[in-house]
Amino acid sequence: MVVAGAGFIALTYGVVRFGYGLQLPRLTAEFSLSASTAGLIASGSFLAYCATALAARGLVVRRGGRVVLRLAAALGATGALVVAVSGSAAVLALGVLVAGSAAGAASPALVVAVAATVPERSAPRAQAAVNAGTGLGVAAVGVATLLAPSAWRPVWVLAAVAVLLVAARVDRRTRWPRPAPGDRPGVRTGAPRDPWTALLPPVLAAALAGAGSAAVWTFGRDLLAGTGGLPERTTATLWVLLGVAAVLGALSGDVVRVLGLRRAWALTVLLSAAGTAVLALAAAHVAVAGAAAALFGGAYTALSGVLIAWAGELRPHTAGATTATLFVSLTAGQAVGSAATGALAGSTGPVAAFLVCAALLVAAAAVLPRRAVSAAGAAARP
């Protein structure tokens, strides 16, 4: 189930969500997209993700993870097929929005699947391994872009088929729980403090981390090509390296176990900040830029894995719904960060904009989980 779950995250995040950005040069040429139009499509994808994740947050509690998994598969396959057959910018935008929204349902569904299927002592490692599937998807799209940059439509068709097949595999391998009558939003689950009050620090931390990480995800390849002067194939290769390194995010479960939630959060966010800053300062140096991209990829995926662990510690009975809340905050931060970084880059230059984003990541590292969280989570765990 963990292998299938990682494959599903690879498809919904790495392929049908981030595939648009990786294939943007080809899409821009084919559909005559202006920079503003391309940015609006990307922003729409962020917003679609947030809307779906908010819907999935309630749905996973009321109807269970299986329904949310099927919703993610339907959205991913439908959106990918629309992109594959698109003949205009409007149809392309519709497909990108629908495909990008699939990831918003995938994460809460798989958090529930892992928690229900994997023994509790192994669950943090399994959650991190599933979450690291994003890197596999990014690397796969990067390789496809390198080998056949003009054959982007078959990539989306294959993604649509794969999403349905892998979702069916996850479904068969999961021991789905029945939604508990008491697991409704606003119902206490034994935690000593108001759960919404307890969620404020991780929501703020996730939003800051999202805003800071937007620079690399949205403008990283443009920085390397424009400021660094690197050729397109080189930047694509560096993004494959970023995706491969992101698989190291599977170690986030062990990082939390060894260092604790507070230190794990601070470490992963600070490493993401370091990767962002070094990438901006050494964009013209292939080796250093490659190391920075790899550092960012591994640290960012681990960061999102730590958010899953944070959600599970705070509200163990509704970990899927809480994860959706934190991932919405992360993505909303990315949406705001993308727009702000673009505006700042136009006025002060991309290097300064990237350094500001690195500073936001440092600020996110200062918002730490409370020391009592682990004890509260353990007390509430059945």
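Residues numbered from 1 in each chain as written. Predicted model: local features only at pLDDT ≥ 70, side-chain atom pairs only at ≥ 80, totals over all residues. Heavy atoms only, no water.

## What about the overall build of the protein chain?
Then step 1. A count of helical and extended segments in the protein chain gives 17 helices and 0 strands.
Then step 2. The C-alpha radius of gyration of the protein chain comes to 19 Å, within 12% of the 21 Å expected for a compact globule of 382 residues.
Then step 3. With respect to the three principal axes, the spread of C-alpha positions in the protein chain is 55 × 40 × 30 Å.
Then step 4. Scored against the burial criterion, the 382 residues of the protein chain give a buried share of 56%.
Then step 5. As presented, the protein chain carries roughly 14900 Å² of accessible surface, and 68% of it is formed by carbon and sulfur atoms.
Then step 6. The centroid of the 27 positive side-chain charges in the protein chain is displaced by 6 Å from the centroid of its 9 negative side-chain charges. (Helix = DSSP H or I, 4+ residues; strand = E, 2+ residues; numbered from the N terminus. Rg over C-alpha atoms; globule rule 2.2 N^0.38 Å. Buried < 20%, exposed > 50% of the residue type's maximum accessible area, 1.4 Å probe, protein only. Areas by Shrake-Rupley, 256 points an atom, 1.4 Å probe, with all protein chains shown as cover. Lys, Arg positive; Asp, Glu negative; His and termini not counted. Charge placed at Lys NZ, Arg CZ, Asp CG, Glu CD.)

## Quick word on the packing of aromatic side chains
Then step 1. Enumeration according to the criterion identifies 7 aromatic pairs in this entry.
Then step 2. For the pair F18 and W217, a centre-to-centre distance of 4.7 Å together with 5 degrees between the ring planes defines the contact as stacked. Residue F18 is found in the loop between α1 (2–15) and α2 (19–22), and its partner W217 is found in helix α10 (residues 195–226); the two are separated by 199 residues along the sequence. When sorted by exposure, F18 lands in the same class as W217, which is buried.
Then step 3. A ring pair is formed by W217 and F296, whose centres lie 5.7 Å apart and whose planes are at 65 degrees; its orientation type is edge-to-face. Of this pair, W217 sits in helix α10 while F296 is found in helix α14 (residues 286–314), placing the two residues 79 residues apart along the sequence.
Then step 4. Residue classification places W217 among the buried residues on the basis of a relative accessible area of 16%.
Then step 5. Aromatic rings pair up to connect F18, W217, F296 and Y300 into one cluster.
Then step 6. Over the face of the ring belonging to Y49 we find R17, whose NZ or CZ atom lies 4.3 Å from the ring centre. (Phe/Tyr/Trp six-rings, centres within 6.5 Å; stacked < 30°, edge-to-face > 60°. Lys NZ or Arg CZ within 6 Å of the ring centre and 35° of its normal.)

## Considering unusual backbone geometry
Then step 1. We note that S32 has phi near 55 degrees; this positive angle belongs to a residue other than glycine.
Then step 2. By the element assignment, S32 lies in the loop between α3 (24–31) and α4 (35–62).
Then step 3. Given a relative accessible area of 64%, S32 falls into the exposed group.

## A look at the nonpolar core
Then step 1. By size, the foremost hydrophobic cluster in this structure holds 105 residues, and its most contacted members are F8, Y20, W156, L224, W265, L279 and L307.
Then step 2. Here the element with the most residues in this core is helix α6 (residues 89–117); it accounts for 13 residues.
Then step 3. Among all residues touching W265, those that are not within four sequence positions of it are A205, A209, L303, V306, L307, W310, A364, A365, V367, L368 and P369. (Core = buried A, V, L, I, M, F, W, Y, C linked by side-chain atoms within 4.5 Å. Contact = heavy atoms within 4.5 Å.)

## What about the environment of A106?
Then step 1. Here A106 shows up in helix α6.
Then step 2. Separated by 95 residues in the primary sequence, A106 and L11 place their C-alpha atoms 9.9 Å from one another.

## Looking at helix α5 (residues 65–85)
Then step 1. With 21 residues, α5 extends 31 Å from end C-alpha to end C-alpha; this agrees with the ideal 30 Å at 1.5 Å per step.
Then step 2. Among all positions of α5, only G65, V68, L69, A72, A73, L75, G76, A77, G79, A80, V83 and A84 are buried. (Expected span 1.5 Å × (residues − 1).)

## Quick look at the packing of helix α13 (residues 261–281) against α14
Then step 1. Orientation of α13 relative to α14, taken along the N-to-C sense of each, is 155 degrees, at an axis distance of 8 Å. Relative to α14, the element α13 is oriented roughly antiparallel. Helix-helix and strand crossings are classified by hand; for α13 and α14 the assignment is left-handed. (Axes fitted to C-alpha atoms, helices over the stretch in contact; angles between N-to-C directions. Parallel < 35°, antiparallel > 145°, perpendicular 65-115°, else oblique. Left-handed = near helix turned anticlockwise from the far one by under 90°.)

## Structural notes on the side chain of T268
Then step 1. Here T268 is to be found in helix α13.
Then step 2. Side-chain polar atoms of T268 contact the backbone oxygen of W265, separated by 3.1 Å. (Polar contact = N/O pair within 3.5 Å; in protein donor to acceptor, adjacent residues only side chain to side chain.)

## A closer look at a nonpolar patch on the surface
Then step 1. On the surface, V258, L259, L267, L271 and L295 cluster together into a nonpolar patch covering about 370 Å² of accessible area.
Then step 2. Relative to the helices and strands, L271 resides in helix α13. (Patch = residues over 30% accessible without salt bridge, like charges linked within 9 Å, V, L, I, M, F, W, Y side chains within 5 Å. Salt bridge = Lys/Arg side-chain N within 4 Å of Asp/Glu carboxyl O.)

## Description of the environment of Y20
Then step 1. Residue placement: Y20 occurs in helix α2.
Then step 2. With a relative accessible area of 5%, Y20 lands in the buried category.
Then step 3. Put simply, Y20 and L92 are 72 residues apart on the chain and 9.9 Å apart in space, counted from C-alpha to C-alpha.
Then step 4. The residues contacting Y20, other than those within four sequence positions of it, are L27, L33, A38, I41, A42, V96 and W156.

## What about the pattern of salt bridges?
Then step 1. One pass over the full model with this rule turns up 3 salt bridges.
Then step 2. Between E30 and R153 there is a salt bridge; the shortest N-O distance is 3.1 Å. With E30 in helix α3 and R153 in helix α9 (residues 152–173), this residue pair connects regions lying 123 residues apart in the sequence.
Then step 3. Taking relative accessible area as the criterion, E30 reaches 41% and is therefore assigned partly exposed.
Then step 4. When the shortest N-O distance is used, the salt bridge between R66 and D171 registers 2.8 Å. Taken as a pair, R66 in helix α5 and D171 in helix α9 lie far apart in primary sequence, 105 residues in all.

## Brief notes about the packing of helix α11 (residues 232–246) against α14
Then step 1. The contact between α11 and α14 brings their axes to 7 Å, and the two run at 35 degrees. Two packed elements cross with a definite hand, and for α11 against α14 that hand is right-handed. Contacts between α11 and α14 involve T234, L238, L241, L242, A245 and A246 on the former and, on the latter, V286, A289, G290, A293, A294, F296, G297, G298 and T301.
Then step 2. For the contact of α11 with α14, the residue count by class is 10 nonpolar, 5 polar and no charged. (Nonpolar A, V, L, I, M, F, W, Y, C, P; charged D, E, K, R; others polar.)

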